[in-house]
Amino acid sequence: MSQLDCCGGLSNLDFSKVDASVIMVPAAYIDVTDFSFLLAALCIVFAPLFWNVVARWEHKTRVLTSLFGSPYTACYSLGAVIIMIGCLRSYCFSEAMKTQPKLEGMLCQAIYYAGLAFIGLGGLFVVSSFFALGFVGTYLGDYFGILMEEKVTRFPFNVMNNPMYWGSTVVFLGLAIMNASPAGLVLTSLVGICYKIALMYEGPFTEEIYQRREESRKNK
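Quick notes on the rules
Within each chain, residue numbers correspond to sequence positions counted from 1 in written order. Owing to the predicted nature of the model, reporting of local features is limited to residues with pLDDT of at least 70; listing and counting of side-chain atom pairs is limited to 80 or more, with chain, interface and lining totals taken over all residues. Derived side-chain values reflect all non-hydrogen atoms in the structure, with water molecules and hydrogen atoms excluded from consideration. The helix and strand labels rest on DSSP assignments: H or I over at least four residues marks a helix, E over at least two residues marks a strand, and numbering proceeds from the N terminus. Using a 1.4 Å probe on the protein chains alone, a residue whose accessible area is under 20% of its type maximum counts as buried, one over 50% counts as exposed, and one in between counts as partly exposed. Neither His nor the chain ends is counted toward charge; the positive residues are Lys and Arg and the negative residues Asp and Glu. Put simply, a salt bridge is a Lys or Arg side-chain nitrogen that is within 4 Å of an Asp or Glu carboxyl oxygen. A 3.5 Å cut-off defines polar contacts: any pair of N or O atoms within that distance qualifies, except that in protein one atom must be a possible hydrogen donor and the other a possible acceptor, and neighbouring residues in sequence count only when both atoms are side-chain atoms. Any pair of residues with heavy atoms lying within 4.5 Å of one another is described as a contacting pair. Two rings from Phe, Tyr or Trp (for Trp, the six-membered ring) form a pair when their centres sit within 6.5 Å of each other. Planes less than 30 degrees apart are called stacked, planes more than 60 degrees apart edge-to-face, and all others tilted. Remark: a charge is flagged as sitting over a ring if the NZ atom of Lys or the CZ atom of Arg is within 6 Å of the ring centre and within 35 degrees of the ring normal. To define a nonpolar core, start from buried Ala, Val, Leu, Ile, Met, Phe, Trp, Tyr and Cys residues and group those joined through side-chain atoms within 4.5 Å.

A. Highlighting the side chain of D34. Among the secondary structure elements, D34 is positioned in the loop between α1 (20–29) and α2 (35–61). Here D34 sits buried without a salt bridge, and the closest side chain of opposite charge, K98, lies 12 Å off (N-O distance). A polar side-chain atom of D34 sits 3.2 Å from the main-chain amide nitrogen of S36. If we ignore the near neighbours within four places in the chain, the residues touching D34 are T99 and Q100.

B. Local environment of the environment of T169. Positionally, T169 belongs in helix α6 (residues 163–178). Under the relative-accessibility criterion, T169 is labelled buried at 13%. When neighbours within four sequence positions are excluded, T169 is seen to be in contact with T188, V191, G192 and Y195.

C. Local environment of the packing of aromatic side chains. For the coordinates displayed, the defined rule picks out 11 aromatic pairs. Residues F130 and F135 carry aromatic rings whose centres are separated by 6.3 Å and whose planes lie at 90° to one another, so their mutual orientation is edge-to-face. Given the relative accessible area of 28%, F130 is considered partly exposed. Above the face of the F205 ring, R56 is positioned so that its terminal group lies 4.1 Å from the ring centre.

D. Representation of the nonpolar core within the structure. Formed by 38 residues in total, the largest nonpolar core has its most connected members in W51, F93, L140, F144 and L187. Looking at this core, the elements that each hand over two or more residues are α2, α4 (71–98), α5 (109–138), α6 and α7 (182–218).

Right, dumping it as structure tokens:
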């Protein structure tokens, strides 16, 4: 029996013998060409991209502060827009699950209640984060020059970093589980990936803002 030459790469593989049924299973439950699915994915990607681009633009130019006459009014206005985008994203997420097949193995009470538990847990992190940070702290007030006096360390920030983002992701996960929706699980994964990428830019930039504040205080 002849040995396959490892240096031959993929050219040595006989793809005619690959079991395509394994690959086709996800395709039976997720139609990535469906308009509702694509719209939900677009909203999921757009949301963090929007608030990061606008907030950085504001930090650099102070155009919104000048337009609204106050950094607080500008921050509240941007926050209101972010909330509306978030509502649109949630609506599109729900609509996408309605148009996609359900996984019959997930259609049972135990999994339904597990989804409810995830929603409750995620909601707890989101709401408690909001009360810990306040509206301005939640909706990028530091980009408007409205800085907090000290880092928030009470719950839920003593449990995890960025509980608002990860709590929101868990809520989406709970919705996907409750609806027995493979498409919902895929979209939830996209939510997590987008948040992870956003944090790669937000975290260091926010730390830089506060570091500049401390350097400015030392130089006085």
